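Examination of the molecular architecture
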Amino acid sequence: MRTLFCQTEEQTQRLGLCLGACLRPGDVVLMFGEMGAGKSVLTRAAARALGVEGPVPSPTFTILNMHEGKAMRLYHFDLYRLEGADALYEMGLDEFIPARDGACLIEWPERALEAMPEDALEIRMEYGPDGIGRRISLRPRGRFEPSRLEALLARMKEEEHEYSDD
């Protein structure tokens, strides 16, 4: 597991851009965190990196939004309103996890944890001690290759240097 501290929303966006640039078809990213912790910020930035144009709203009421990107399709799930994995199965949405033609970013996976694949990148977002910054832990699970996480973090470090005048 690797942990980052993002002081600003812009730093969280940079992480999302790096995440999106490193995603491959079939990837699943499980995003845990309280309301307002930055899951949607991370997702919107990842969508931009994948070439998704236009708004990327949270699918709180629809559960799933699919976005066409230039690199691949993005399946953005928000499971907050689900009452369990059975609801996901009843809607047939589990068939998109994982997706062969794109990556899945899943907010609130704990609402249907038994339906989540073991092979995933787990991201946990917590408020920092000041209530403003975010502590973000990233952990590869199952067959999600740790080297891919290291590549993402190396890309993030390059981005920090590129924006060091901020």
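Residues numbered from 1 in each chain as written. Predicted model: local features only at pLDDT ≥ 70, side-chain atom pairs only at ≥ 80, totals over all residues. Heavy atoms only, no water.

Some remarks on the nonpolar core
The condition is simple: The set of buried Ala, Val, Leu, Ile, Met, Phe, Trp, Tyr and Cys residues whose side-chain atoms join them within 4.5 Å is what this entry labels a nonpolar core. Remark: exposure states derive from per-residue accessible area (1.4 Å probe, protein chains only) relative to the maximum for the residue type, with buried under 20%, exposed over 50%, and partly exposed in between. Residue contacts follow a heavy-atom distance rule, with two residues in contact if any of their heavy atoms lie within 4.5 Å.
By size, the foremost hydrophobic cluster in this structure holds 30 residues, and its most contacted members are L19, L23, V29, L105, L121, I123 and L138. Once you skip the residues sitting within four places of it in the chain, L105 turns out to touch L19, L23, V29, M31, T43, A46, L74, Y75, H76 and F77. Within the second largest apolar cluster, 21 residues are counted, among which are V28, L30, L64 and I97.

Focus: the side chain of E107
Just so we agree on the cut-off: The helix count covers DSSP runs of H or I at least four residues long, the strand count covers runs of E at least two residues long, and both are numbered beginning at the N terminus. The charge count includes Lys and Arg as positive and Asp and Glu as negative, but it does not include His or the ends of the chains. Only one rule defines a salt bridge in this text: a Lys or Arg side-chain nitrogen within 4 Å of an Asp or Glu carboxyl oxygen.
When you line up the elements, E107 lands in strand β5 (residues 102–107). In this structure, E107 is buried with no salt-bridge partner, the nearest side chain bearing the opposite charge being K39 at 4.9 Å. Residue contacts for E107: discarding those within four places in its chain leaves M31, K39, S40, T43, S58, H76, F77, D78 and L79.

Focus: the environment of M72
Along the chain, the position of M72 falls in the loop between β3 (64–68) and β4 (73–78). Beyond its immediate sequence surroundings of up to four residues, M72 is in contact with L23, R24, P25, L50, H67, D101, G102 and A103.

Section: the sheet that holds β3
Rule in force here: DSSP calls a pair of strands paired once it identifies at least 2 bridges connecting them. Each axis is a line fitted through C-alpha atoms, taken for helices only over the stretch in contact, and angles between the N-to-C directions span 0 to 180 degrees.
With mixed pairing, the 7 strands of this open sheet are ordered in space as β1-β7-β6-β2-β5-β4-β3. Of all the strands in the sheet, the pair left with one neighbour each is β1 (2–6) and β3. Mean inter-strand twist for the sheet, computed between neighbouring axes without regard to direction, equals 20°. As paired elements, strand β2 (residues 28–33) and strand β6 (residues 120–127) share 5 bridges and run parallel to each other. Residue pairing for β6: M31 is matched across the bridge by I123.

These figures come from the coordinates and say nothing about function on their own.
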